[in-house]
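Each chain, written out:
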Amino acid sequence: MSFKSSEFRAALGQFATGVAIVTCPGDGQGPVGITINSFTSVSLEPPLALWCLDKASDREHVLINSASFVVNVLCKSQQSLSARFAEIGQHDFSGIDFLPSRSGAPILPNTLAHLECTVTDRHEGGDHWIIVGHVDGLKVGRGEPLLYFDGGYRDIGLS
Ligand SMILES: Cc1cc2nc3c(=O)[nH]c(=O)nc-3n(C[C@H](O)[C@H](O)[C@H](O)COP(=O)(O)O)c2cc1C
């Protein structure tokens, strides 16, 4: 390899993304959530989307075995929620407002959008899992996005 791992991270960080919280119903001990920026659309027909899960996450066993997930797309005022679900070991919903989706995965209020998905494929991708879901339902909200760029949260002004 002609580059260091820190350079690889820095290069990836130059790609600005939105931020989402992926939730799933859990394995009997309550729902879990994780902050992600690896959300990507895959296909319009059929409607498919994916996200990538770090195999080292302490939530890996729950998230990889879940048959469904919800992608909650965050707006700029939801940075603290993003930080909460990015904390090591903080995956439960105690003290967090939500509505259960049809599958039981939490839907967070006041997001820019949420997508309810049924898992169709799981692929290994190095030290991550690539989790593909069929989008069964969604809701579009309004507002300005929470962005992640160069290792930090950003926001943009929309006119
Ligand atoms: C903006 C942002 C984006 C992230 N994106 C991902 C992601 O796409 N996939 C992932 O597995 N973890 C991602 N993480 C890390 C997790 O949110 C979380 O910090 C990590 O899983 C904590 O460790 P634990 O799961 O072992 O408790 C992201 C964190 C932040 C702050």
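First, a word on what this report is: a plain description of the structure on this page. (Residues numbered from 1 in each chain as written. Predicted model: local features only at pLDDT ≥ 70, side-chain atom pairs only at ≥ 80, totals over all residues. Heavy atoms only, no water.)

### Description of the sheet that holds strand β4 (residues 40-43)
Okay, step 1: Pairing within the open sheet is antiparallel, and its seven strands lie in the order β3-β2-β6-β9-β10-β5-β4. With partners counted over all chains shown, the strands left at the sheet margins are β3 (32-36) and β4, one partner each. Taken pair by pair, the neighbouring strands of this sheet meet at an average axis angle of 35°, ignoring direction.
Okay, step 2: As judged from the seven bridges shared by strand β5 (residues 48-54) and strand β10 (residues 128-140), these two strands associate in the antiparallel manner. Residue pairing across strands places Asp54 opposite His128, the latter belonging to β10. (Pairing = 2+ DSSP bridges. Helix = DSSP H or I, 4+ residues; strand = E, 2+ residues; numbered from the N terminus. Axes fitted to C-alpha atoms, helices over the stretch in contact; angles between N-to-C directions.)

### Here we look at unusual backbone geometry
Okay, step 1: The residue after Glu45, namely Pro46, is reached through a cis peptide bond having omega 5°.
Okay, step 2: Its location among the elements puts Pro46 in the loop between β4 and β5.
Okay, step 3: The residue Asn110 is not glycine, and still its phi comes out positive at about 65°.
Okay, step 4: Within the fold, Asn110 resides in the loop between β8 (106-107) and β9 (113-125).
Okay, step 5: Asn110 gets classed as exposed once you look at its relative accessible area, which sits at 67%. (Buried < 20%, exposed > 50% of the residue type's maximum accessible area, 1.4 Å probe, protein only.)

### A short note on the environment of Thr35
Okay, step 1: Examined against the element boundaries, Thr35 turns out to sit in strand β3.
Okay, step 2: Its relative accessible area of 18% is what places Thr35 among the buried residues.
Okay, step 3: Taking the C-alpha atoms as reference, Thr35 lies 5.2 Å from Ala86; in sequence the two are 51 residues apart.
Okay, step 4: Dropping the residues within four chain positions of it, Thr35 is found in contact with Val19, Ala20, Ile21, Leu81, Ser82, Phe85 and Ala86.
Okay, step 5: Within the structure, Thr35 has its side chain in polar contact with the backbone nitrogen of Ala86 (distance 3.3 Å). (Contact = heavy atoms within 4.5 Å. Polar contact = N/O pair within 3.5 Å; in protein donor to acceptor, adjacent residues only side chain to side chain.)

### Some words on the pairing of β5
Walk down a regular strand and you will see the side chains alternate between the two sheet faces.
Okay, step 1: Within β5, five of the seven residues are buried, which leaves the element mostly enclosed by the surrounding structure.
Okay, step 2: Both β4 and β5 contribute to a ladder of three bridges, which runs antiparallel. Note that in β5 the partner of Ser43 across the bridge is Leu48.
Okay, step 3: Here β4 hands over to β5 after four residues, the two strands then running antiparallel side by side.

### Some remarks on the site of the ligand
Okay, step 1: Around the ligand, the structure places 18 residues, and the nearest of them are Thr35, Ser38, Ser57, Ala86 and Gly89.
Okay, step 2: Take Asp54: an N or O atom from its main chain is 2.8 Å from an oxygen atom of the ligand.
Okay, step 3: Here an oxygen atom of the ligand and a side-chain polar atom of Arg59 are 2.8 Å apart.
Okay, step 4: Relative to its unbound accessible surface of 630 Å², the ligand loses 81% to contact with the protein.
Okay, step 5: Counting atoms within 2 Å of the grid points, the majority share of the ligand lands in the largest pocket.
Okay, step 6: If you list the elements that add at least two residues to the shell around the ligand, you get β3 and β5.
Okay, step 7: Looking at the shell around the ligand residue by residue, the classes come out as nine nonpolar, five polar and four charged. (Near = heavy atom within 4 Å. Areas by Shrake-Rupley, 256 points an atom, 1.4 Å probe, with all protein chains shown as cover. 1 Å grid on protein atoms, 1.4 Å probe; cavity = no way out; pocket = protein on both sides within 12 Å on 5 of 7 lines; lining within 4 Å. Sits in = over half its atoms within 2 Å of the grid points. Nonpolar A, V, L, I, M, F, W, Y, C, P; charged D, E, K, R; others polar.)

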